[in-house]
Amino acid sequence: MNDMEHRKTNDGEGRRLDGEEEEEEEDEDEGNGRGLDAWERAYADERSWESLQEDESGLLRPIDNKTIYHAQYRRRIRSLYSSTTTARIQKGLIRYLYIVVDLSRAASEMDFKPSRMAVVAKHIEAFIREFFDQNPLSQIGLVTIKDGLAQCLTDLGGSPDSHVKALMGKLECSGDSSLQNALDLVHGYLNQIPSYGHREVLILYSALSTCDPGDIMETIQECKKSKIRCSVIGLSAEIFICRHLCQETGGSYSVALDESHFKELLLEHAPPPPAIAEFAIANLIKMGFPQRAAEGVISICSCHKEAKVGGGYTCPRCKARVCELPTECRICGLTLVSSPHLARSYHHLFPIPPFDEVSLSLLNNPHQRSSRACFGCQESLLIPGNKPTLCVACPKCKQHFCLDCDIYIHESLHNCPGCESFRHSKIVSVTEE
Amino acid sequence: MKFQIEDVTVYFPYDNIYPEQYSYMVELKRALDAKGHALLEMPTGTGKTIALLSLITSYALSKPSNPIKLLYCTRTVHEMEKTLAELRLLHQYQLRHLGPAARILALGLSSRKNLCINPAVVSAENRDSVDAGCRKLTASWVRALAVENPNIPTCQFFENYEKAASEAVLPPGVYTLQDLRAFGRDKGWCPYFLARHMVQFANVVVYSYQYLLDPKVAGIISKEMQRESVVVFDEAHNIDNVCIEALSVSVRRQTLEGATRNLSKMAQEINRFKATDAGRLRAEYNRLVEGLAQRGNLPISDTWLANPALPDDILKEAVPGNIRRAEHFLSVLRRLVQYLHGRLETENVEKEGPVAFVASINSQAGIDQKMLKFCYDRLHSLMLTLEITDTDEFLHIQTICDFATLVGTYTRGFSIIIEPFDERMPHIPDPVLQLSCHDASLAIKPVFERFQSVVITSGTLSPIDLYPRLLNFNPVVSRSFTMSLTRNCICPMVLTRGSDQLPVSTKFDMRSDPGVVRNYGRLLLEMVSVVPDGIVCFFVSYSYMDGIVNTWNESGILKEIMQHKLVFIETQDVVETTLALDNYRRACDCGRGAVFFSVARGKVAEGIDFDRHYGRLVIMFGVPFQYTLSRILLARLEYLRETFQIKEGDFLTFDALRQAAQCVGRVIRSKADYGMMIFADKRYSRHDKRSKLPGWILSHLRDAHLNLSTDMALHIAREFLRKMAQPYDKAGVSGRKTLLSEEDLEKMGDGTTNEMLF
């Protein structure tokens, strides 16, 4: 190339040659025979239209992603189950969870619509309700980070509404965020919890950095020592310090891809995590089962300090009136629960094993004609056109279920109808003899 | 795991192997079979080192009748230790499977500074003074004196080593430098001389490039190596520069002043000897008359750096008569120094070929070519005769003789350039006379000729066809491997426009444009707000970095960046940079986040890794072309065009792109890692530039990422970081197998499988 250019400038750097000619601006795109723009090609490569299908009458059939969805679900169930049943794992049923909401500058970013902060608040509300549904004996507290400071929004308590209300009133964001301050604050509160309670922190972190007054590594070690399980859900990207925190304290770290993924990640924290052996020593807890007071009786409520009519429960030890369960009696400090609360917490200890997928040939076997219908909902397992769909079977009672029932049994029912009725019929047959 | 490649059973210390490691081994095996040279490019983080070591040692084991020796060259001591640690792992595995038959001796060799265990010597601050300190204690005449006079200090370790004589051997095993020191302490033997001795018998030697490429060092260390050796140059993308530096000398005013001092000191010594021990000088003279430049077999502790010219070019002749006498030789040197002084006084830049230069020395100082050629050997001999031990004081005169010998020996491929001041600071006179070598093939030629296989390998050797031309050899195998990944963990992007759609570039006419500077600033500012932990920025030069950081500071962009992350800057001062790097790492560790500003071709760009959270994003601001008005570069370009028909533009682009690839390659050091790379210059979107990037980057550079503006890049970055933060399956999903087990390899069986993998 002998037409290198020597250009003179006056900033003392002398002249420079770049080894190239005066270039045309639009000289790229040589491999672009299709005449598409680069962004169009990205879509063309995926060929999304090819996954469209037509039914017999030539109409477009909605893309069936039910099986994909179900496969994902089964993978999750299996991983959950394998982690719980390998050894008989203890689970913390009485949890003390602090939710730390990052309301620093980064929470106002608009990559989640309408803003990260609004999305977080919306899902926290759902999460709090779900949490109390699954862990009726547990308590939640809220902490926010703003302007580099951590602030306690609500103390530990068992009432979903008060938390949600407190959070909604405080939704504005500014300043930096400080992980250390938040951990210090939460650590101070959780340290006072009695030893049977499981100490947990769930941090919803928007920011990508933390601006700390001291050495955060020390704080993390403190948390580890106090057996506080710290989990983080990030909203933007993986941050080393969060990963480190979760690894050290035994929590989980995840980053949300989008809003629905965020919701999923958040709800994963609702069922109780397996307790780490040396953290949880089994011990007995004194509990009271209060009676519901008669309707129309006027009494002074110990929680609101005012006279109320009807409803309410009476503490079996000191006879004070409380408005809702579960709670701790304000007068004598007894833990007050109702028996359904206990029962609902119980199923976490004995999960139903995941069902096996059944091969189609077995179904076509004429000897098993009876099992062509789902044992749960009695729907036929054959879709119109007499083609079998995917179905599953309980490994114990060998009954077949459709995919919807599979999900229902594992997520909500926590009992296998097949096993239950089998046991029942056996008892009947025994008595008949 | 154990598997078969054709007739060789390969022992590999891990349970699984990456497909690219396997095909790398297959190619390497072919090169060894053909007894030829190889050029292999494979990205870092794919286990290049272990693949190399594993195949070559297994190859040697499979042919016990004619075992090959492995000479493994690394760039730094740190890499040397890492390589030996991997070799140890491999060796233990082989021992478990083969028993004592697999025993080998492997050791690292480095300078005295790294191996000495005598506390009095090793405490000296630089390499040359450690060397001199050692000589003061171990030179043969010092030891001879010490026998008579016990007050003269000697080195206990060396004495023990000498006493042990032939029993001083290393038992088989793998020795890192640290192990050598520990072994030496244990036995009371000097580890440096022990290692120097054992190098001849070792199966594997790991040492630095200089030991093979710099004729001064290679002459004494690698002289004895057998022909049946495999030489590996690891991280060899800059090998041409190492070759050139090995044969280049620069002389400044300080050098000449120092040399003058050295000369008068030597004159004093000569006079002293004349008075006390005239016989010694006479003996030397007689020896020289007999035509021996060297004194025959010197004791190991007296050996000096060998002749700077390549072994083939050294004349085996008698030293010319007019420099045989010590006084005459000194006066020749004095005239030479005087002459060089005169040349440095010049006002203009001068460029000359060696032939013209030698002719002008001859006419003005009366020193002919042959005398020049013998300068180095003659000086060596004289210093031995004068029993000079503080060699670090005499570096200046050595440099002059070094220069003289090279000028006297070579007529092609060199030029002499005299610059009265630094191009960038024309007001400060700083004359320098440089003898610069333009031909990288000169220094490496003896290596190619002497050893049966030479393997040149690195993460960035693209375009792979240029290296054989630069180094003037014919590889039997030259291939570039891509990385098999379980997920797309690198995300290269070419950013051509700022958010205002104006093009950005560091092209000379555009770089000081305020719009470009602002766009670069906005780019960084946007990126710091979406990328977690560490970001590394590379600029094209120190002066450009200074300028742009200044402007950012004035316009307040720097302050805004600091709100998100701390800013650290590389300087030319090594200590300062180390401190900055240290703090940068701390800021990344504790979650504060940090940006590191660095310079392509600087120390950081070459040697420091920014893996994992230390570098989630690297931004290459501009194309790092060399300073193209440097006389030396221009002379080299001219030489390349005339000799190898390599166009200037091609070479400059190649050189710039390999630097850029080297810079951005810093962020990925393993497959589990992930990172983004932004090439921020519109010129990268041109095909001639882009196509010179290594294949493993190009294969991830999607069409849609070729011509981005800042806001598009921002969007891609967000998506990418979210995707990468998700947990993933290390073994890879069914379609893309990235880990092969023993069974997989057996199933693939014979050579038909390579095609299947890629």
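None of the values given here were measured: they were computed from a predicted structure. One numbering rule holds for all chains: residues counted from 1, following each sequence as written. Whichever chain is written first becomes A and whichever ligand is written first becomes 1, with later ones labelled in order. Where local features are concerned, this predicted model is filtered to residues with pLDDT of at least 70; where side-chain atom pairs are given and counted, the filter is 80 or more; whole-chain, interface and lining totals use all residues. Note that water and hydrogens are dropped before the side-chain values are worked out from all heavy atoms of the structure.

### Re the domain arrangement of chain B
Residues and elements named next belong to chain B.
Now for step 1: Examined at the domain level, chain B breaks down into domain 1 (1–104 + 203–237 + 459–484 + 733–757), domain 2 (115–170 + 179–202), domain 3 (247–438) and domain 4 (490–725).
Now for step 2: Domain boundaries shown here were taken from an automatic or database domain assignment. On a C-alpha basis, the centroid separation for the pair domain 3 and domain 4 is 44 Å.
Now for step 3: Accessible area that two parts lose when put together, with a 1.4 Å probe and added across both, is what the buried area reports. When domain 3 packs against domain 4, close to 1000 Å² is buried across both sides, 61% of that on carbon and sulfur atoms.
Now for step 4: In the sections that follow, a salt bridge refers to a side-chain nitrogen of Lys or Arg positioned within 4 Å of a carboxyl oxygen of Asp or Glu. At the boundary of domain 3 and domain 4, one finds 1 salt bridge.
Now for step 5: One salt bridge connects E638 with K351, and the closest N-O pair in it is separated by 3.7 Å.
Now for step 6: Here a polar contact is taken to be a pair of N or O atoms separated by no more than 3.5 Å, where protein atoms must pair a possible hydrogen donor with a possible acceptor and residues adjacent in sequence count only if both atoms sit in side chains. If you look at where domain 3 meets domain 4, you find 0 residue pairs in polar contact (both at pLDDT 80 or more).
Now for step 7: For the side of domain 3 that touches domain 4, the secondary structure elements donating two or more residues are β11 (414–421) and β12 (429–437).
Now for step 8: It is β11 that contributes the most residues to the side of domain 3 that touches domain 4, 3 residues altogether.
Now for step 9: The classification used treats Ala, Val, Leu, Ile, Met, Phe, Trp, Tyr, Cys and Pro as nonpolar, Asp, Glu, Lys and Arg as charged, and all other residues, Gly among them, as polar. Classifying every residue of the side of domain 3 that touches domain 4 gives 2 nonpolar, 5 polar and 5 charged. By definition, any uninterrupted DSSP run of H or I lasting at least four residues is a helix, any uninterrupted run of E lasting at least two residues is a strand, and each is numbered from the N terminus.

### Some points on the pattern of salt bridges
Pairs may arise between side chains of opposite charge once their charged atoms sit close together.
Now for step 1: One pass over the structure, following the stated rule, counts 54 salt bridges over all chains.
Now for step 2: A salt bridge links D176(A) to R105(A); the nearest nitrogen and oxygen atoms lie 2.8 Å apart. Of the two residues, D176(A) sits in the loop between α4 (160–168) and α5 (179–190) while R105(A) sits in the loop between β3 (95–102) and α3 (116–134), which places them 71 residues apart along the sequence.
Now for step 3: On the basis of relative accessible area, R105(A) is assigned to the partly exposed category, the value being 33%.
Now for step 4: For R378(B), the salt bridge goes to E284(B), with nearest N and O atoms at 2.9 Å. Each residue is placed in one exposure class: buried if its accessible area under a 1.4 Å probe, protein chains only, is under 20% of its type's maximum, exposed if it is over 50%, and partly exposed if it falls in between.

### Some thoughts on the nonpolar core
Now for step 1: Buried Ala, Val, Leu, Ile, Met, Phe, Trp, Tyr and Cys residues form a nonpolar core when they are joined through side-chain atoms within 4.5 Å. Counting 294 residues, the largest nonpolar core has F233(B), I456(B), L524(B), M527(B), W552(B) and F597(B) as its most contacted members.
Now for step 2: Whether two residues touch is decided by their heavy atoms; if any such pair falls within 4.5 Å, the residues are in contact. Residues contacting W552(B), with those up to four places away along its chain left out, are V517(B), Y520(B), G521(B), L524(B), F539(B), I557(B), L558(B), F597(B) and F621(B).
Now for step 3: One finds L167(A), L235(A), F262(A) and L265(A) within the second-largest nonpolar core, a separate group that totals 29 residues.

### Here's the deal with the confidence of the model for chain A
Residue and element names in this part refer to chain A.
Now for step 1: Taken over all residues, the pLDDT of chain A has a mean of 76, while the share at 70 or more is 71%.
Now for step 2: Every residue carries a pLDDT, the predictor's confidence in it, which falls somewhere between 0 and 100. This model gives residues 1–34 a pLDDT under 50, and the stretch forms 64 contacts once residues within four places in sequence are excluded.
Now for step 3: Contacts of residues 427–433 to residues separated by more than four positions or lying in other chains number 0 contacts, the stretch itself having pLDDT below 50.

### Notes on the UniProt feature "zinc finger region: C4-type" (unreviewed entry) in chain A
Now for step 1: UniProt positions are given in the numbering used here, feature names are shortened, and annotations may be inferred rather than shown by experiment. As annotated by UniProt and renumbered to match this structure, "zinc finger region: C4-type" (unreviewed entry) occupies residues 315–332 of chain A.
Now for step 2: Between the end C-alpha atoms of residues 315–332 of chain A there is a gap of 9 Å, over a span that is 0% helix and 22% strand.

### A short note on α4(A)
All names here are of chain A.
Now for step 1: The complete set of buried residues in α4 reads H163, V164 and L167. Down the axis of α4, the buried set is contained in an arc of 95°. They therefore lie on one face.
Now for step 2: Considering only its buried residues, α4 is in contact with β3, α3, β4 (139–146) and β5 (149–157). The directions from the helix axis to the C-beta atoms are what the arc is built from.

### So, the packing of helix α15 (residues 278–289) of chain B against helix α18 (residues 369–385) of chain B
Residue and element names in this part refer to chain B.
Now for step 1: Direction vectors running N to C along α15 and α18 enclose 150°, while the axes themselves pass 10 Å from each other. The pairing of α15 with α18 is recorded here as roughly antiparallel in orientation. Here the hand of the crossing between α15 and α18 comes out right-handed. Residues R280, L281, E284, R287 and L288 of α15 pack against R378, S381, L382, L384 and T385 of α18. Axis definition: a line fitted to C-alpha atoms, limited for helices to the stretch in contact. Angles are taken between N-to-C directions and run from 0 to 180 degrees. Roughly parallel means an angle under 35 degrees; roughly antiparallel, over 145; roughly perpendicular, 65 to 115; everything else is oblique. Handedness of a crossing follows from how the near helix is turned relative to the far one, being left-handed for an anticlockwise turn of less than a right angle and right-handed for a clockwise one.

### Section: the sheet that holds β12(B)
All names here are of chain B.
Now for step 1: Pairing between strands requires that DSSP locate at least two bridges from one strand to the other. With antiparallel pairing, the 4 strands of this open sheet are ordered in space as β9-β12-β11-β10. Here the strands that pair on one side only, and so sit at the sheet edges, are β9 (249–252) and β10 (350–352). Shown here is a sheet whose adjacent strand axes are inclined to one another by a mean of 15°, direction ignored.
Now for step 2: Strand direction decides the pairing type here: β11 and β12, joined by 7 bridges, are antiparallel. Residue F421 lies in a different strand from β12, and its bridge partner there is P429.
Now for step 3: Contacts between helix α16 (residues 326–344) and the sheet are confined to β9, β10, β11 and β12, with β12 contributing the most and set at about 115° to the helix.

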